[in-house]
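# Understanding the architecture of this molecule
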Amino acid sequence: MKTETLAQPRIKADASGRPHQSFYQKHESTILGGFAVLVVVGIWQAIWSYTTWISPLFFSGPSAIAKQFWISLTQGNLLADLAFSGKNFTIGFGIALVSGVVVGVIVGWYRRVRMIADPFLNALYAAPRIAMMPLIIIWFGIGMWSKVFIVFLSAFFPILVNTVAGIRNMDRDLLRAARSFCASDWQIFKTLAIPGSVPFILTGVRQGVAVGLIGVVVGEMLGSSEGIGFMVAYGGQTFQTDTLFVGFVIIAFAGIVLTSITERLERRFSRWRPER
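Residues numbered from 1 in each chain as written. Predicted model: local features only at pLDDT ≥ 70, side-chain atom pairs only at ≥ 80, totals over all residues. Heavy atoms only, no water.

### Some details on the packing of helix 2 (residues 28-50) against helix 3 (residues 62-75)
The relative placement of two packed helices comes down to the angle between their axes together with the axis-to-axis distance. Interaxial distance between helix 2 and helix 3 falls to 8 Å at its minimum, and their mutual angle equals 95°. In terms of axis orientation, helix 2 runs roughly perpendicular to helix 3. Residues V41, W44, Q45 and W48 of helix 2 touch helix 3, and the partners they reach there are P62, S63, A64 and I65. Looking at the contact of helix 2 with helix 3, its residues break down into 6 nonpolar, 2 polar and no charged. (Axes fitted to C-alpha atoms, helices over the stretch in contact; angles between N-to-C directions. Helix = DSSP H or I, 4+ residues; strand = E, 2+ residues; numbered from the N terminus. Parallel < 35°, antiparallel > 145°, perpendicular 65-115°, else oblique. Contact = heavy atoms within 4.5 Å. Nonpolar A, V, L, I, M, F, W, Y, C, P; charged D, E, K, R; others polar.)

### Section: the packing of helix 4 (residues 78-109) against helix 5 (residues 111-126)
Axis separation between helix 4 and helix 5 bottoms out at 6 Å; the angle between their running directions is 120°. In terms of orientation, helix 4 lies oblique with respect to helix 5. The segment helix 4 lies against helix 5, with I106, V107, G108 and W109 engaging R111, V113, R114, A117 and L121. Along the lines of polarity and charge, the residues of the contact of helix 4 with helix 5 split into 6 nonpolar, 1 polar and 2 charged.

### Digging into the packing of aromatic side chains
Across all of its chains, the model carries 13 aromatic pairs by this definition. Here a set of aromatic residues connected by ring pairs shows up, and it is made of Y125, W139, F140, F149, F152, F156 and F157. (Phe/Tyr/Trp six-rings, centres within 6.5 Å; stacked < 30°, edge-to-face > 60°.)

### Regarding helix 5
Between its terminal C-alpha atoms helix 5 stretches 22 Å, which fits the 22 Å expected from 16 residues at 1.5 Å a residue. Of all the bends in helix 5, the largest measures some 45° and sits at A117, one to four residues before the proline P119. Considered for burial, the residues of helix 5 that qualify are R114, A117 and L121. Summarising the contacts, the buried residues of helix 5 are in contact with helix 4 and helix 7 (144-168). (Expected span 1.5 Å × (residues − 1). Bend = angle between axes of the 7 residues up to and from the residue. Buried < 20%, exposed > 50% of the residue type's maximum accessible area, 1.4 Å probe, protein only.)

What follows is the structure in structure tokens.
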């Protein structure tokens, strides 16, 4: 007697063997997040347009912010402010990234170095960087380098701490296996320590981006005559709420874009972690 088997539905796969996904499945996070933003902006604009209990002196609406953005872009100094803040952030964050990874690898790899450095790193990491702004201005003046240094100081410690954590959380079973096969320290460092710590490093980079943006704004608010932070401070001091919100939206948008990029890199390089 023949037995009949039910035909199982086939799941389409792409060339790499992964199940085929629709456009929505591939971009679900972006679509849902973008839709949520549009809904909130729409409600915000409706309240701004059809109610009279919101004073323009204390708040602003999306249409007014967009209008002020266009005026600042075409008739004001917005491009120069963007270039100034972008240069400060890029230089400060670049130095923090390189030095944070290098120092983090050294501190995480060498036990005695970590013991010596831990008290200083913990104290500096817990210290509020904004409290050092007057001293930083005394050291570097009110020019570009004081802003670069506050960005560096803000982003350096998250990258450093996560790099140290990545090196220290190396899989002990894999380490013992490598030792049993007489692997040298350099081979272990190259094939286990660095690949295993890459996801941690990128987590630190994502955190460093956020606090670095805060650092550049704070630095420009407290001691500068240009930049997005200066725009925010100037808008607040002169009760130009539209100008203040333009700077806020620019920083928020930069944070969304940079954080999204680092999250993608984090997901991509998480495959580097050695599997047991």
